[in-house]
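Structural overview for review
One letter stands for each residue in the lines below.
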Amino acid sequence: MAVVPLERKPLTFAERTYLPQIAEGLRTTWRHLVRPKTTLEYPEQRPAVPPGYRGVPTLVKDPNGREKCVSCQLCEFVCPPKAIRITPGGIAEDAPHAHVEKAPREFEIDMLRCIYCGMCQEVCPEEAIWLQSQYSMTGYSREEMVNNKARLYELGGTLPDEHFKWDRKKAAEESGGGHH
Amino acid sequence: MIDLYLSLHPVAQGVLKGLAVIMVIFPIGGICSMAERKVSAWIQGRPGPNRAIVPWVSWIPVIGPFLQRLGLFHVLADGGKMLFKEDALPGHVNKFYFVLAPVVAMMPALTTVTTVPFGAYLDAAGRVVPLGLANVDIGLIAVFAVGSLGVYSLILAGWASNSKYPFLGGVRASAQLISYELSLTMSVLPVFLWINAPGTPGTMSLARAVEFQSLPGFWGGMWFAFLMPVSALVFLIALFAETNRHPFDMAEGESDLVGGFHTEYGAFKWGLFFVAEYAHMLIGSGVFTLLFLGGWNPLPWVPLATLVGWLAPLHPLLSHPLFVGLLSIGIFLGKVIALIFFFMWVRWTVPRFRYDQVMEIGWRKLLPLSVANLVFYAAAIAVIQTR
């Protein structure tokens, strides 16, 4: 590596008095004083949430209004702080999506335990659980901080679906084919 | 009303005047603490405290939100918090001196006000009469003598707290204050050498210093800051050290001493230290303004009397002593507040010195500089005034 010898100049008298430096510093701080402020005043102004943000985990429905969760409980197993608790249940025989067979009877996420790691979303084979853009989760009691199934669907809403996996499966069965 | 006031016993008049001054100093101290937070915030790119508001003020359309943004009501909130907090007294302190220290801090801060004139009015003969609690001849000496008592509160607080960091803070503060008092005193001597010309009655009065900056002519109207820049500079630097302000913030360097001498204090006792610090800043800035920035004269070469001469033809009320008095107080306070803003501005510009640097600057830089300055001006004044 090339060595670049730097010439160390002795300080001039003005520099040794330290006063020109202070004047320059005062100029800098003055510039900051008059410059527009950069603070985001939170409750009134909200930050723009970037795509891919990992906010509060939610359950979503597909565009046809079918709840996507099939209560496989993978998220419950993978959840590092054990924040998720699922009570599996069946689907009524006469329901339009009876062939999906399973759905959660109750689904609870304890937001006091959740660490927003997103592993539940990553592990979900049905793309049913999503960490969406809500970043503020507050409550007055511990019970309030547990999101039940109704609340999770309310928070999650409907997300667009790229696959319609169960519809295609049903169509394939009806047309006599095996795998779709 | 003026007649009623003049008919009172002089002692009653003095008490009223004193109360009036204290009633001004306390709110200014509170507003300064607020201004400190605001200026700090602005320099750091934040809006600063802007939440507290009294409901009936927020109903005023434009002014209410503006005052809220300005954080004016945080002064009330802060002061109220200070009053109603639990006033904890640690078990390991020396109780009597622990309680005494904040009181001792307030006393010199409020006592020095008496000899600092803060305005002037023109009497019927057109002479400028200074306004102040006591326009005494010892003026500045009284300020220095009583002001230097402030160091005892720091020593008392540091020692009575009976714990390590407050003690170190108290020791540092006392060493620093004593070191810089020398240069502080030396730096103002040229001013008074110039004022006390041979054959004139001797005085250390601050009002007299202002009078000397209001004389006609190029040299007469010049503020002492231009006439004696080195004196002004040394005085200003020593003032920063004396008031324990950044960059000489040794007594309460939070990175190495937690809170310094007031680590063990809380609630109103801590608040008293705080107000005393701002009162010291106010008095110090006031003395600097009087000595070097022309006191109540609006501009260099434009004394108060000239300004009143310009205003008088416009309206008879404008030359009324009451208006002139208020105008001069306004000019004086404006300069003082500008200086206090400068204190805050410097706080965020210059990083804190190390303790050995503080001692180095005080003893090996400022003191020789102020002595050389004194010798130079003594010789120059001797040549000019004996000619």
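Criteria and cut-off values
Residues numbered from 1 in each chain as written. Chains lettered and ligands numbered in written order. Predicted model: local features only at pLDDT ≥ 70, side-chain atom pairs only at ≥ 80, totals over all residues. Helix = DSSP H or I, 4+ residues; strand = E, 2+ residues; numbered from the N terminus. Rg over C-alpha atoms; globule rule 2.2 N^0.38 Å. Buried ≥ 20, exposed ≤ 12 C-beta atoms within 10 Å, placed from the backbone. Pairing = 2+ DSSP bridges. Contact = placed C-beta atoms within 7 Å. Nonpolar A, V, L, I, M, F, W, Y, C, P; charged D, E, K, R; others polar. Axes fitted to C-alpha atoms, helices over the stretch in contact; angles between N-to-C directions. Expected span 1.5 Å × (residues − 1). Parallel < 35°, antiparallel > 145°, perpendicular 65-115°, else oblique. Left-handed = near helix turned anticlockwise from the far one by under 90°. Core = buried A, V, L, I, M, F, W, Y, C linked by C-beta atoms within 7 Å.

Within chain A, the secondary structure is distributed over six helices and five strands. Element order for chain A, N to C, with α for helix and β for strand: α-α-β-α-β-β-α-β-β-α-α. Here the C-alpha atoms of chain A give a radius of gyration of 28 Å, more than 25% beyond the 16 Å that 2.2 N^0.38 yields for 180 residues. Each principal axis of the C-alpha distribution contributes one length, and for chain A these read about 95 × 50 × 30 Å. By the burial criterion, 17% of the 180 residues in chain A qualify as buried.

Residues and elements named next belong to chain A. The phi torsion at Ser71 lies on the positive side, around 50 degrees, for a residue other than glycine. Within the secondary structure, Ser71 sits in the loop between strand E1 (57–59) and helix H3 (74–78). Look at Ser71 and you get buried, because 22 C-beta atoms sit within 10 Å. We note that Glu127 has phi near 50 degrees; this positive angle belongs to a residue other than glycine. Structurally, Glu127 is set in the loop between helix H4 (119–123) and strand E4 (129–131).

Let's shift gears to the pairing of strand E1 (residues 119–122) of chain B. Residues and elements named next belong to chain B. Residues Gly119 and Tyr121 line one face of E1 and the alternating positions Ala120 and Leu122 line the opposite face, and both faces are buried. Strand direction decides the pairing type here: E1 and strand E2 (residues 128–131), joined by four bridges, are antiparallel. Paired with Ala120 across the two strands is Pro130, which belongs to E2. Once E1 ends, the chain turns through five residues before running back antiparallel as E2, passing Gly126 with a positive phi of about 85 degrees.

This brings us to the interface of chain A and chain B. If you look at the interface, chain A gives eleven residues, while chain B gives nine residues. Looking at side-chain class alone, the side of chain A that touches chain B contains three nonpolar, five polar and three charged residues.

Residue and element names in this part refer to chain A. Spatial strand order, E2-E3-E5: three strands in an open sheet with antiparallel pairing. What marks the edges here is a single partner per strand, and that holds for strand E2 (84–90) and strand E5 (146–147). Across seven bridges, E2 lies against strand E3 (residues 102–110) in antiparallel orientation. Bridge pairing in E3 places Pro88 opposite Pro104. Packing of helix H5 (residues 149–156) onto the sheet brings it into contact with E3 and E5, and relative to E3 it is tilted by some 85 degrees.

Take helix H2 (residues 10–43) of chain B next. Helical geometry: 3.6 residues make up each α-helical turn, so side chains three or four residues apart lie on a common side. The first and last C-alpha atoms of H2 of chain B sit 48 Å apart over 34 residues, in line with the 50 Å expected at 1.5 Å per residue. The set of residues buried in H2 of chain B consists of Ile28, Gly29, Gly30, Cys32, Met34, Ala35, Lys38, Val39 and Ile43 of chain B. Elements that come into contact with the buried residues of H2 of chain B comprise helix H2 (19–34) of chain A together with helix H5 (74–84), helix H14 (267–292) and helix H16 (321–347) of chain B. Positioned one or two residues after H2 of chain B, Gly45 of chain B has a phi angle of 80 degrees, which is positive.

A separate point is the environment of Val104 of chain B. Residue and element names in this part refer to chain B. In this structure, Val104 sits in helix H6 (residues 95–111). Separated by 53 residues in sequence, Val104 and Ala157 have C-alpha atoms that sit 9.5 Å apart. Setting aside chain neighbours within four positions, we find Val104 in contact with Tyr152, Ser153 and Leu156.

Further remarks concern the packing of H6 of chain B against helix H8 (residues 150–160) of chain B. All names here are of chain B. Axis separation between H6 and H8 bottoms out at 8 Å; the angle between their running directions is 165 degrees. By the angle between their axes, H6 is roughly antiparallel relative to H8. Regarding H6 and H8, the two cross each other, and that crossing is left-handed. Contacts between H6 and H8 pair Tyr97, Phe98, Leu100, Ala101, Val104, Ala105, Pro108 and Ala109 from the former with Gly150, Tyr152, Ser153, Leu156, Ala157 and Ala160 from the latter. For the contact of H6 with H8, the class distribution of residues is twelve nonpolar, two polar and no charged.

Judged by nonpolar contacts, the single largest core of 91 residues is most densely connected at Phe235, Ala238, Leu291 and Phe292 of chain B. In terms of residue count, H14 of chain B provides more of this core than any other element does, 15 residues in total. Once residues lying within four places of it in the same chain are set aside, the contact partners of Phe235 of chain B are Leu184, Ser187, Val188, Phe288 and Phe292 of chain B. Within the second largest apolar cluster, 19 residues are counted, among which are Cys69, Ile86, Cys114 and Ile129 of chain A.

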